[in-house]
Amino acid sequence: MRLNDFKLEVFFNKYEFTAPYLLAQSDCESMSIQELLSYEAGAEEQLKQLGLGYTEVPGNPSLRSQIARLYQQVDESGILVHVGAQEAIFNFMHVALEPGDHIICQFPIYQSLYEVAKSLGCEVSMWEIKQGENGWELDLDELKSLIQVNTKLIVVNTPNNPTGYTLNPAELQAITELARQHNCLIFSDEVYQGLEETRPTFFADLYENAVSLGVMSKAYGLAGLRVGWIATQNQEIYDKMVRFKHYTTICTSGPSEFLAEIALNHGDRILKRNREIIQGNQQIANSFFQRYPGIFTNNVPQSGPVAFHRIHTNQPIEQFCEKLVEETGVLLLPATVYDVEEPYIRMGYGRKSFAECLERFEGYVINRF
Ligand SMILES: Cc1ncc(COP(=O)(O)O)c(C=O)c1O
């Protein structure tokens, strides 16, 4: 197995903990352990009493049943807890795929969703989300045309990182039918679900051979817990992933599982807080883009905390972002980390500091364009 560099993480690793104005982040506003514990009477004392031994490989049963409440067709026997979403992606690809398999993956997308498959010797076809007149577009006929006899898996990320493209009910249904017809698995990265006003639809509820990916990092803003999970009705995939996990992390951190359960107990409140931050930032962003129509294409995200905007510049976009962060401390993500050549930048709307960071960016824009 040989893995290429994870371009996004390499770029972040250079600046994420030193740049003072983070304008690219995909996780929502976080909170302290103290604040999280204050959501539930008695939780602080329970945390102090918690043992620090190993936990159960699939995850604490009460956490798993709390997670299962998010789904309609999956109970706790289909929930497998992992260390973040990243471990689950890695483990799933390893148990589901073999060299020579063909997979179809939405593009652009978070790199591990296709890179791990490539490292396993799979052939990957990209199903492209394309720039349209009014934002991002996806063509279902194109997906159909990409199916081959050896297609084993369709990978989607909805809401999508980086575009914010979100599959609508008709698209969810059509992808499910296509996968069922061709006997393909679906891996649906749904780590940005939960920020909409309405209850999300998860692929794991729609399709018996789908695996849905969830996490505490993004919509809940609790990335430091490193708690993610898969939800599936497919018991064979589930069992293989349990056995694979014996080789990766064995189990998740007990204190993290405890805190994740508190957060999910109060999930509606946390998600509402984060939804309101995003909505406020979205308005600020829209009026910013209205001031500079010749410089940016404002791709308003359908949902989720990230957007992928075009900058009308001839400067290579990675160079633009490097100069920006070095001169102003404002961090944006260049499209090159997604293997996209056109000059797009990823912006994140989930943080309280958004207005301040955008103001710094505006100062730079005014001077440069
Ligand atoms: C679409 C997507 N999937 C998975 C992950 C990994 O999540 P985690 O950091 O919780 O492992 C990320 C992180 O940015 C992501 O954007």
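On a predicted model such as this, the values are computed, not experimentally measured, just so you know. Sequence order as written defines the numbering, with residues in each chain counted from 1. Where totals are concerned, whole chains, interfaces and linings use all residues; where local detail is concerned, this predicted model gives features only for residues with pLDDT of at least 70, and gives and counts side-chain atom pairs only at 80 or more. Think of the side-chain values as coming from all heavy atoms in the structure, minus any hydrogens and water.

### Remarks on the sheet that holds strand E10 (residues 227-232)
Within a sheet, neighbouring strands are paired by backbone hydrogen bonds and run either parallel or antiparallel to one another.
Part 1: Sheet architecture is open: seven strands sit in the order E2-E10-E9-E8-E7-E3-E4, paired in mixed fashion. The outermost strands of the open sheet, each flanked by one partner alone, are strand E2 (79-83) and strand E4 (123-128). In this sheet, adjacent strand axes meet at a mean angle of 20 degrees when their direction is disregarded.
Part 2: The criterion for strand pairing is that DSSP finds at least two bridges linking the strands in question. In DSSP terms, a helix is any run of H or I states spanning at least four residues, a strand is any run of E spanning at least two, and both are numbered starting from the N terminus. When strand E7 (residues 151-157) meets strand E8 (residues 185-189), the two strands line up parallel, connected through five bridges. Note on E8: the bridge partner recorded for valine 155 is phenylalanine 187.
Part 3: By definition in these notes, contact holds between two residues if any of their heavy atoms fall within 4.5 Å. What counts as an axis is a line fitted to C-alpha atoms, over the stretch in contact for a helix, and the angles between N-to-C directions run from 0 to 180 degrees. Contacting E2 and E10, helix H4 (residues 61-68) runs over the sheet at an angle of about 110 degrees to E2.

### Topic: the site of the ligand
Part 1: Taken together, 15 residues surround the ligand, and among them Asn161, Asp189, Tyr192, Ser217 and Lys218 come closest.
Part 2: Glutamine 86 is positioned such that a nitrogen or oxygen atom in its backbone is 2.9 Å from an oxygen atom of the ligand.
Part 3: Between the ligand and asparagine 161 there is a distance of 2.7 Å, counted from an oxygen atom to a side-chain nitrogen or oxygen.
Part 4: Per-residue accessibility takes into account occlusion by the displayed protein chains alone, with areas from the Shrake-Rupley method and a 1.4 Å probe. When isolated, the ligand has an accessible area of 390 Å², and the protein chains bury 93% of it.
Part 5: Counting residues per element, the shell around the ligand draws most heavily on helix H5 (residues 84-96), at four residues.
Part 6: Throughout this entry, Asp, Glu, Lys and Arg are counted as charged residues, while Ala, Val, Leu, Ile, Met, Phe, Trp, Tyr, Cys and Pro are counted as nonpolar. The remaining residues, Gly among them, count as polar. Looking at the shell around the ligand residue by residue, the class counts come to six nonpolar, six polar and three charged. Here a residue is near a molecule or strand as soon as one of its heavy atoms is found within 4 Å of it. Counted as a polar contact is a pair of N or O atoms within 3.5 Å, where, for protein atoms, one must be capable of donating a hydrogen and the other of accepting one, and residues adjacent in sequence contribute only when both atoms are in side chains.

### Re the state of the cysteines
Part 1: Any two cysteine sulfur atoms within 2.5 Å of one another count as a disulfide. Within this structure, the stated rule accounts for zero disulfides.
Part 2: Free of any disulfide, cysteine 28 has its nearest cysteine sulfur in cysteine 357, 15 Å distant.
Part 3: Only protein chains enter the accessibility calculation, which uses a 1.4 Å probe; a residue is then buried when its area is under 20% of its type maximum, exposed when over 50%, and partly exposed in between. The exposure class assigned to cysteine 28 is buried, which follows from its relative accessible area of 1%.
Part 4: A disulfide-free cysteine, cysteine 357 has its sulfur positioned 14 Å from the sulfur of cysteine 321, the nearest such atom.

### Examining the pairing of strand E3 (residues 102-107)
Part 1: Across the six residues of E3, six count as buried, placing the element largely inside the fold.
Part 2: Judged by which residues are buried, E3 turns out to be covered on both faces: His102, Ile104 and Gln106 on one side and Ile103, Cys105 and Phe107 on the other are all buried.
Part 3: As judged from the six bridges shared by E3 and E4, these two strands associate in the parallel manner. Bridge assignment links glutamine 106 to a residue of E4, and that residue is tryptophan 127.
Part 4: A right-handed crossover is one whose linking path, passing over the helix from the first strand to the second, runs clockwise when the strands point away from the viewer. Traced from E3 through helix H6 (residues 112-119) to E4, the parallel crossover comes out right-handed.
Part 5: Bridging between E3 and E7 involves four bridges; their strand directions are parallel.

### Quick look at helix H1 (residues 7-15)
Part 1: Those residues of H1 not exposed but buried are Leu8, Phe11, Phe12 and Tyr15. Seen from one end, H1 has its buried residues packed into an arc of 95 degrees, which puts them on one side.
Part 2: The inward-facing, buried residues of H1 contact helix H13 (317-328), strand E13 (330-331), strand E14 (333-334) and strand E15 (344-348). In this description, one arc is meant: the one made by directions from the helix axis to the C-beta atoms.

### Some words on the sheet that holds E14
Part 1: Read from one edge of the open sheet, four strands run E11-E12-E15-E14, paired in antiparallel fashion. Here the strands that pair on one side only, and so sit at the sheet edges, are strand E11 (296-297) and E14.

### Section: the pairing of E2
Part 1: With four of five residues buried, E2 is to be regarded as a mostly interior element.
Part 2: Here E2 runs beside E10; their pairing, made up of five bridges, is antiparallel. Its bridge partner lying in E10, isoleucine 79 is registered against alanine 231.

### A closer look at the packing of helix H12 (residues 267-291) against helix H14 (residues 354-368)
Part 1: The contact between H12 and H14 brings their axes to 10 Å, and the two run at 15 degrees. Between H12 and H14, the angle falls in the class roughly parallel. The interaxial crossing formed by H12 with H14 has right-handed handedness. Where H12 approaches H14, its residues Asn281, Ile284, Ala285, Phe288 and Arg291 are matched on the opposing element by Phe354, Ala355, Leu358, Phe361 and Glu362.
Part 2: Its residues placed into classes, the contact of H12 with H14 shows seven nonpolar, one polar and two charged. Note on terminology: angles under 35 degrees are roughly parallel, angles over 145 are roughly antiparallel, angles of 65 to 115 are roughly perpendicular, and the others are oblique. Crossing handedness is read from the near helix: turned anticlockwise from the far helix by less than a right angle, it gives a left-handed crossing, and turned clockwise, a right-handed one.

### Describing the environment of asparagine 134
Part 1: If you trace the backbone, asparagine 134 turns up in the loop between strand E5 (130-132) and strand E6 (135-137).
Part 2: Separated by 24 residues in sequence, asparagine 134 and tyrosine 110 place their C-alpha atoms 23 Å apart.

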